[in-house]
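Observations on the three-dimensional arrangement
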Amino acid sequence: MPAWDLLITNARLATMEKGAAPYGAIEPGALAVAQGRIVWLGPQAELPRGEAAEFYDAEGRWVTPGLVDCHTHLVYGGDRAAEFELRLQGASYEEIARAGGGILSTVTATRAATEDELLSGALPRARALLREGVTTIEIKSGYGLELNQELKQLRVARRLQEQLPLSVRTTFLGAHAVPPEYKGRSEDYLQSVLAMLPEVAASGLADALDAFCETIAFTPEQTERLFTAARDAGLPVKLHADQLSNSQGAALAARFGALSADHLEHTNEEGAAAMAAAGTVAVLLPGAFYFLRETKLPPMEAFRRHGVGMALASDCNPGSSPVTSLLLMLSMGCTYFRMTPEEALAGVTREGARALGLGESHGTLSVGKVADLAVWDIVRPAELAYRVGFNPLHRCYKEGRAVELT
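Residues numbered from 1 in each chain as written. Predicted model: local features only at pLDDT ≥ 70, side-chain atom pairs only at ≥ 80, totals over all residues. Heavy atoms only, no water.

This is how it is decided: UniProt positions are given in the numbering used here, feature names are shortened, and annotations may be inferred rather than shown by experiment.
Looking up the chain in an unreviewed UniProt entry gives the name Imidazolonepropionase, with the organism given as Aquibaculum arenosum. The Subcellular location (unreviewed entry) field of the UniProt record for the chain holds the comment "Cytoplasm". Turning to the chain, the UniProt annotation filed under Sequence similarities (unreviewed entry) states: "Belongs to the metallo-dependent hydrolases superfamily. HutI family."

Quick look at helix α5 (residues 147-163)
What counts, and what does not: Only DSSP runs of H or I with at least four residues qualify as helices, and only runs of E with at least two residues qualify as strands; both kinds are numbered from the N terminus onward. Given the number of residues in a helix, its expected span is that number minus one, multiplied by 1.5 Å. Each residue is assigned to one of three classes by its accessible area relative to the maximum for its type, calculated with a 1.4 Å probe on protein chains only: buried under 20%, partly exposed between the two thresholds, exposed over 50%. Each polar contact in these results corresponds to two N or O atoms within 3.5 Å; when the atoms are within protein, one needs to be able to donate a hydrogen and the other to accept it, and residues that are neighboring in sequence are counted only if both atoms are side-chain atoms.
With 17 residues, α5 ought to run about 24 Å at 1.5 Å a step, and its terminal C-alpha atoms sit 25 Å apart, in line with that. All of the buried residues in α5 are L147, Q149, E150, L151, K152, Q153, L154, V156, A157, R158 and L160. Sitting at the head of α5, E146 places a side-chain oxygen 3.2 Å from the backbone nitrogen of N148.

Regarding the side chain of E132
How we decide: His is not counted, nor are the chain ends; Lys and Arg add positive charge and Asp and Glu add negative charge. By salt bridge we mean one thing: a side-chain nitrogen of Lys or Arg within 4 Å of a carboxyl oxygen of Asp or Glu.
One can find E132 in the loop between α4 (115-130) and β7 (134-140). Here E132 occupies a buried position and makes no salt bridge, while the nearest side chain of opposite charge, R131, is found at 8.2 Å. Only 3.0 Å separates the side chain of E132 from the backbone nitrogen of L326, close enough to count as a polar contact.

Some thoughts on the UniProt feature "binding site: N-formimidoyl-L-glutamate" (unreviewed entry) in the chain
Annotation from UniProt places "binding site: N-formimidoyl-L-glutamate" (unreviewed entry) at Y143, N317 and G319. The annotated residues occupy 177 residues of the chain but converge on a single region, no pair of C-alpha atoms lying more than 11.5 Å apart. When you line up the elements, Y143 lands in the loop between β7 and α5. Y143 gets classed as buried once you look at its relative accessible area, which sits at 2%.

Remarks on the nonpolar core
Formally: In plain words, nonpolar cores are sets of buried Ala, Val, Leu, Ile, Met, Phe, Trp, Tyr and Cys residues tied together by side-chain atoms within 4.5 Å. Only heavy atoms enter the contact rule, under which two residues are in contact if any of them lie within 4.5 Å.
One finds L160, L209 and F303 to be the most contacted residues of the largest nonpolar core, which totals 96 residues. In this view, F303 contacts L264, T267, A272, M275, A282, L284, P298, V308 and M310; residues no more than four positions away in its chain are not counted. Counting residues in each nonpolar core, the second largest holds 17 residues, with L6, Y56, A58 and Y397 among its members.

Below, the structure written as C-alpha cells:
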C-alpha cells in the first residue's frame, strides 16, 4: 500500500497537459504527492488505496499547477511614479530621459541601494505574486550595468527564495541599456558586458542571459556577439525582441535556440516560423503594452499558425510595467491580445515553465513533476481570466507543502 505525504481528493484537476480535454481537465480527480513530487493523479474512481500523512478534500475546487511568472525585473531601487505624472502631462520618453529619468534613474537608485534595501523593496512585490498562486518567478538584473552591481541584484534575487516559498530563476541582463558613464559609446559598454560574462557565469548566480535588442539599445550584430559568448560560457539565452521595431530579434533568438523571445509586437511571419522551428517560447507582456499605450499587437495568428508556444508574464518593473498581479495579465492577455482563457492559463503554467527551461519539472500536473499546486474557488478555469481585480486563490502548495498566504 503506497504511503504519500499529501493526498488531494474531490478535485477538478486542470492538468494543462496538451492534447487532452480542455485545460487537460480530470473531473472529479485526485492527486498524491511524495517527497515534493506528484506520484499519482487521475480520476477519483481509480485512486488506489494508500495512506497519507495529510489529506485534503478539495470539495470540487479546481487545482492547477502553481503559476509561473517567467519575465520580471523584480529587484530594483526607487520608483518612477514622477515620470508617470510627467508622461500624462505630455512629456515624451526622450524628454524624460534627457532630464535624468527613464531606465537610468532606476540604475542610479539601484546602485545606491544596499542588498538589504533591495531585498526589503522586492519582498512585498514577490509576496503579492505568491498570494495569487505564483510559485516560480524569473528575475532579471539589468539595473546595475556594472559587474558588482549586477551581481548584487542577482544575489538579492537568490535571497528571495530563501525568504519565501518560491522558486527563483535568475537572468543576467547586463545588456539592458548603456549606463551614463558610457554615454554615446554602446560598443565600449558591450565590451564591458562581455568582460563581465565569465565572472557572472562562474558565480552560479545566473541561470540565463538576456539582452535588449532594439534601436534604442543594442543592435542585432552586438546581440549576436553576446549570445555567442553566452553559449561559450554555458548560459542559455533569452531576448527582449521586436518590442518597438522589427529588428529581426525573434529570428536571432531562434538561431541561438533561445528559451524565449519576449515582447514581440513587431515580429513578422519569418520570425514566428523560426521560433517554432527552434522551440523558442513567445513571452507576451500585456502590462507593458497597456502602460505604454501601445497599439500594435503581437502576431498572434502567426504564432498559432506555426505552433509557437505563448507564455504570459507580468514584466514587473518600475518604468513600463509596475505590475504585481499575474492574474491581471491573464485578463489583459485575453482582452488585448485576443488569447483564449485556456491559452492564457497555459501561458502562466506550461508555457511559462518552458520559457524558463523548466518544462520537464514544472508547469503541468503530471506524475514526476514538482508538486507546486494552486487551489481555486472558481466554477470554471476561464474565471481566472474573466474576473478583474479578484483573487480566488483558496490554497497553495510549494513542493507539496501548504504555503502561508498572509
